[in-house]
Amino acid sequence: MTYFKRVLLLGTGPTAIQLAVNFRKYLNSKVGIAGRESLRSNFFYESTIKHQLTLKVHIQNTQHQTVAGECVIDCLFKGYHTVTGDWDTVVLTVTTDAYTAVLSQIDSQVLRQVKCFILISPTFGSSHLLTNYLKQISSCAEVFSFSTYYGDTRWLQDVPSNEVLTTGVKKKVYIGSSQAKTKRLAKLSELFCQLGIHLDILASPLEAETRNISLYVHPAFFMNDFSLQAIFEEQITKKYVYKLYPEGPITYTMIRYLLNHWKETMEILKRVNIQSLNLLKFMVDDNYPLQPASIARQDIENFEQLESIHQEYLLYIRYASLLIDPFSNPDQEGRYFDFSAVPIRKIFLNHEGTWDIPRMPKEDYYRLKIIQGVARALKIECPTIDQFIQTYEQKLKQVVASSKSGLFSDAFQVKSFSKDIEMICKELV
């Protein structure tokens, strides 16, 4: 039997274009793309139609040649409600908080024919959310969750079009299936092998969703007074995500919050029978490596058994060691690449003319509310997570209340996400 013969991608961002090219190039899939109707997505539709449904992926580094290429897609749906046809695979490339909203716009008869759903950038609980939704429409489709998207892809000219640029590709990503090891999973492994990416197969989609570093790092980095001031208030001086105070938010107090957040999340994982994650080892081995002189391997391996003050010390050293890229070549002055100079993005006017919040922390707010909801359902205390959310929501209220004029997107609304939490918790039983 041939798998991934007819693949429908939901979402019109750069990730969808990258995936379309990969599915067509390596699996010879029939590919369709569907998206919402908006001023921003219209740029993509117009450009793609103008170029007769041709999509192109360019690369920044020659070692990533495997993901480059171009293809002609078979279908383009403007508006999810317009989706028709028989699709064996649906790939969700939209933001995690939009999964059910997007699927509910598609004819349930179309969705019932789908044999598997793939979540490219899910968060904790996304697969349970989707599984519960599928039960409601009488679907028993297989559900895949990746730990994270396998690349760093953006618009070629900073404006939505039919062309994207992939600047980075991960060496390894995790995946889990709702039906254990299946032939579809084996086929995906073959695809990723051709892309030069190792696919680490875990016991379940939920476990794969816990192997995303953003889950553990972003709340502490963005949901603090320093970062929120940089995001929401007018400042002349730039601030940076991964720099030490006062250039960035990293202080010993912030590191303590980061550590406590990880510990609270591990309590949740333990309750749902998922193996705990060694935070420092995950940071060093799966994300950005350090020079061996920075932290001893023994400390990395034994991180979970160390006292809290020792753990805080090692996490602080880890971030201090990555202020520069320790593996870059120094210039004549002995300076290494300024690795930590990632600017904290400010609120911006979107294409609809309303103030909007950058993905970080907008998406982090959703994932953290979901984790908080799951913790409460399991009767697990999570004071650090509660504090992150309270700090963020107070800022949203303050910004809207102090504004004399101006329109705000719904990202500025305090939300409960109670329906999503309820659906996820039903599948945890």
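Residues numbered from 1 in each chain as written. Predicted model: local features only at pLDDT ≥ 70, side-chain atom pairs only at ≥ 80, totals over all residues. Heavy atoms only, no water.

**Here's the deal with the overall build of the protein chain**
Our working rule: Numbering goes from the N terminus for both helices and strands, where a helix is a DSSP run of H or I of at least four residues and a strand is a run of E of at least two. In this analysis, two residues are considered to be in contact whenever any of their non-hydrogen atoms come within 4.5 Å of each other. The convention is simple: Lys and Arg are positive, Asp and Glu are negative, and His and the chain ends are not counted. One atom stands in for each charge, and that atom is NZ of Lys, CZ of Arg, CG of Asp or CD of Glu.
Helices and strands together make up the secondary structure of the protein chain, namely 16 helices and 14 strands. For the protein chain, the spread of C-alpha atoms along the three principal axes comes to 55 × 50 × 45 Å. Here the analysis covers contacts within the protein chain between residues at least 6 apart in sequence; of these, 72% occur between residues at least 24 apart. If you average the places of the 47 positive and of the 44 negative side-chain charges in the protein chain, the two averages end up 4 Å apart.

**Thoughts on the packing of aromatic side chains**
Where we set the bar: Between the rings of Phe, Tyr and Trp (Trp by its six-membered ring), a pair exists once the centres lie within 6.5 Å; its type follows the angle of the planes, with under 30 degrees stacked, over 60 edge-to-face, and the other angles tilted. The rule for a charge over a ring is simple: NZ of Lys or CZ of Arg within 6 Å of the ring centre, and within 35 degrees of the ring normal.
Applying the stated rule across the entire model yields 18 aromatic pairs. Arranged with centres 4.8 Å apart and planes meeting at 90 degrees, the rings of tyrosine 366 and phenylalanine 417 form a pair that is edge-to-face. Residue tyrosine 366 is located in helix 14 (residues 359–377), and its partner phenylalanine 417 is located in the loop between helix 15 (383–402) and helix 16 (418–428); the two are separated by 51 residues in the primary sequence. Among the aromatic residues, those joined into a cluster by ring pairs are Phe146, Tyr149, Tyr150 and Phe192. Taking the ring centre of tyrosine 319 as reference, the NZ or CZ of arginine 318 above it sits at 4.9 Å. Lying across the ring of phenylalanine 348, arginine 345 places its NZ or CZ 5.4 Å from the centre.

**Some words on empty space enclosed by the protein**
Spelled out, the test is: Only protein atoms enter the 1 Å grid, on which a cavity is a set of points fitting a 1.4 Å probe that cannot get out and a pocket is an open set with protein on both sides within 12 Å along at least 5 of 7 lines, lining residues being those with an atom within 4 Å of a point. Grid points are joined across faces, edges and corners, and a volume is the space filled by probe spheres set on the points.
One pass over the structure, following the stated rule, counts one cavity of 30 Å³ or more. Of the volumes computed, that of the largest cavity is approximately 50 Å³. Around the largest cavity, the lining residues are Leu19, Phe23, Ile118, Ile120, Phe146, Tyr150, Leu188, Leu191, Phe192 and Leu195. Among the elements of the structure, helix 1 (14–27) and helix 6 (183–195) are those that each provide at least two residues to the lining of the largest cavity.

**Brief notes about helix 8 (residues 213–222)**
Our working definition: Using a 1.4 Å probe on the protein chains alone, a residue whose accessible area is under 20% of its type maximum counts as buried, one over 50% counts as exposed, and one in between counts as partly exposed. Pairs of N or O atoms are called polar contacts if they sit within 3.5 Å, as long as, within protein, a hydrogen donor faces a hydrogen acceptor (for residues adjacent in sequence, only side-chain-to-side-chain pairs).
Counting buried positions over the ten residues of helix 8 gives ten, a clear majority of the element. Within helix 8, burial applies to Ile213, Ser214, Leu215, Tyr216, Val217, His218, Pro219, Ala220, Phe221 and Phe222. Here helix 8 starts with a cap whose side-chain oxygen sits 3.0 Å from the backbone nitrogen of serine 214, and that cap is asparagine 212.

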